[in-house]
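# Survey of secondary and tertiary structure
Each chain, written out:
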Amino acid sequence: MNITDRVVVVTGGASGIGAAMARRFAKEKPSGLIVADLDVAAAEKVASEIGATPLHVDVADPDSNDRLIDDTEDRFGPVDLFCANAGIGFAGDEQTAPERWDFMWQVNVMSHVHAARRLLPGWLARGDGYFLSTASAAGLLTNLKAAQYSVTEHAAVAFAEWLAITYGDQGIKVSCLCPMGVKTPLLDSADEFHALLDPLAIEPGEVADTVVAGLSEEHFLILPHSDVSQFFQNKANDYDRWIGGMKRLQRTVFPT
Ligand SMILES: NC(=O)c1ccc[n+]([C@@H]2O[C@H](COP(=O)([O-])OP(=O)(O)OC[C@H]3O[C@@H](n4cnc5c(N)ncnc54)[C@H](O)[C@@H]3O)[C@@H](O)[C@H]2O)c1
């Protein structure tokens, strides 16, 4: 997909990867560009820099998602590209309270389902529509010390795959963005993220460039870190060996 003259929505557009994507998309001259976020003041700041439209959304709330898409359509017409990018991260394990698991599930996974539920009927009627899911390399591999993040990102990848397979023959396109560390405020959510991800972390602008290239080629997987493809193949080729390697990495980064 070429972004020019398209209507594009970016959730989590006020910060990090979402803001970088919005800035990069703006250069392609879309006909409508929505910077949507829970943090409206920050969304307004990014939008005003690039001539985009800021809108409030709580992606975990289905009604709020519906309002975002209704508002976008009222202003610019049907959404061509929806970037389900808003997400949260924190460290945790099996002892983490069930409410925290549910919170991350709603923000990182159900938000994609809510958006797809609202978008798909119109897209199927038009035979056109592009869903970009921001998941994570944690959804293909794992994120040490972050059980909720690993599980929800796997689920986000699974939902994107399912959409691509189910509706691909009806004109619906899906890409799944799976970066490793990116230098954004999300990394500050946990010291464990910095310890694990800082060594290979890249700038959000690099991610945005990879996204525009990936969208133009309409690849399912968009991998800003080229190593992820190899790690993912290693996992598929020999799961036990891959788990052994991850255990070694854990002993190195988080010695007890
Ligand atoms: N930073 C990384 O290392 C990294 C790596 C892989 C994947 N990701 C994914 O990239 C996406 C963006 O993360 P980021 O690193 O740019 O983080 P970030 O914290 O810089 O930005 C996330 C944005 O999402 C918004 N947001 C959070 N909850 C929301 C909600 N309920 N409704 C609407 N907006 C909400 C925040 O206000 C913020 O503006 C996330 O889905 C994250 O899982 C990040």
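Residues numbered from 1 in each chain as written. Predicted model: local features only at pLDDT ≥ 70, side-chain atom pairs only at ≥ 80, totals over all residues. Heavy atoms only, no water.

The next point concerns unusual backbone geometry. At Lys29, a residue that is not glycine, the phi angle is positive and equals roughly 60 degrees. Among the secondary structure elements, Lys29 is positioned in the loop between helix H1 (16-26) and strand E2 (32-37). Of note in the backbone geometry, Lys145 takes a positive phi value of approximately 70 degrees without being a glycine. Turning to its location among the elements, Lys145 is positioned in the loop between strand E5 (129-134) and helix H5 (147-167). (Helix = DSSP H or I, 4+ residues; strand = E, 2+ residues; numbered from the N terminus.)

Residues in close proximity to the ligand total 26 residues, the closest being Ser15, Ile17, Asp37, Tyr149 and Thr184. Backbone polar atom of Gly16 to an oxygen atom of the ligand: 3.5 Å apart, as the coordinates give it. Taking 830 Å² as the accessible area of the ligand by itself, protein coverage stands at 91%. For the shell around the ligand, the per-class residue count stands at 14 nonpolar, nine polar and three charged. (Near = heavy atom within 4 Å. Polar contact = N/O pair within 3.5 Å; in protein donor to acceptor, adjacent residues only side chain to side chain. Areas by Shrake-Rupley, 256 points an atom, 1.4 Å probe, with all protein chains shown as cover. Nonpolar A, V, L, I, M, F, W, Y, C, P; charged D, E, K, R; others polar.)

It is worth spelling out the pairing of E2 at this point. Counted residue by residue, E2 has six buried out of six residues, so it is predominantly covered. Of the two faces of E2, the one lined by Gly32, Ile34 and Ala36 and the one lined by Leu33, Val35 and Asp37 are each fully buried. Where strand E1 (residues 7-11) and E2 come together, five bridges link them in parallel fashion. Of the residues in E2, the one forming a bridge with Val10 is Val35. In this fold, E1 hands off to H1, which returns the chain to E2; that crossover is right-handed. Bridge count between E2 and strand E3 (residues 53-56): four bridges; the pairing is parallel. (Buried < 20%, exposed > 50% of the residue type's maximum accessible area, 1.4 Å probe, protein only. Pairing = 2+ DSSP bridges. Right-handed = clockwise from strand over helix to strand, strands pointing away.)

Our next topic: the pattern of salt bridges. Close approach of charged atoms lets side chains of opposite charge pair. Summed over all chains, the structure comprises 11 salt bridges. Here Glu49 ties to Arg23 by a salt bridge, and the two come within 2.8 Å at their closest N and O atoms. Taken together, the positions of Glu49 in helix H2 (residues 40-50) and Arg23 in helix H1 put the pair 26 residues apart, joining distant regions of the chain. Here Glu218 ties to Lys173 by a salt bridge, and the two come within 3.8 Å at their closest N and O atoms. Here Glu218, found in the loop between helix H7 (204-217) and strand E7 (221-222), pairs with Lys173, found in strand E6 (residues 172-177); they are 45 residues apart in sequence, far enough to count as distant. Take Glu218: its relative accessible area is 37%, and that puts it in the partly exposed class. Overlapping salt bridges, with partners in common, bring together Arg6, Asp80, Arg126 and Asp128 in one network. (Salt bridge = Lys/Arg side-chain N within 4 Å of Asp/Glu carboxyl O.)

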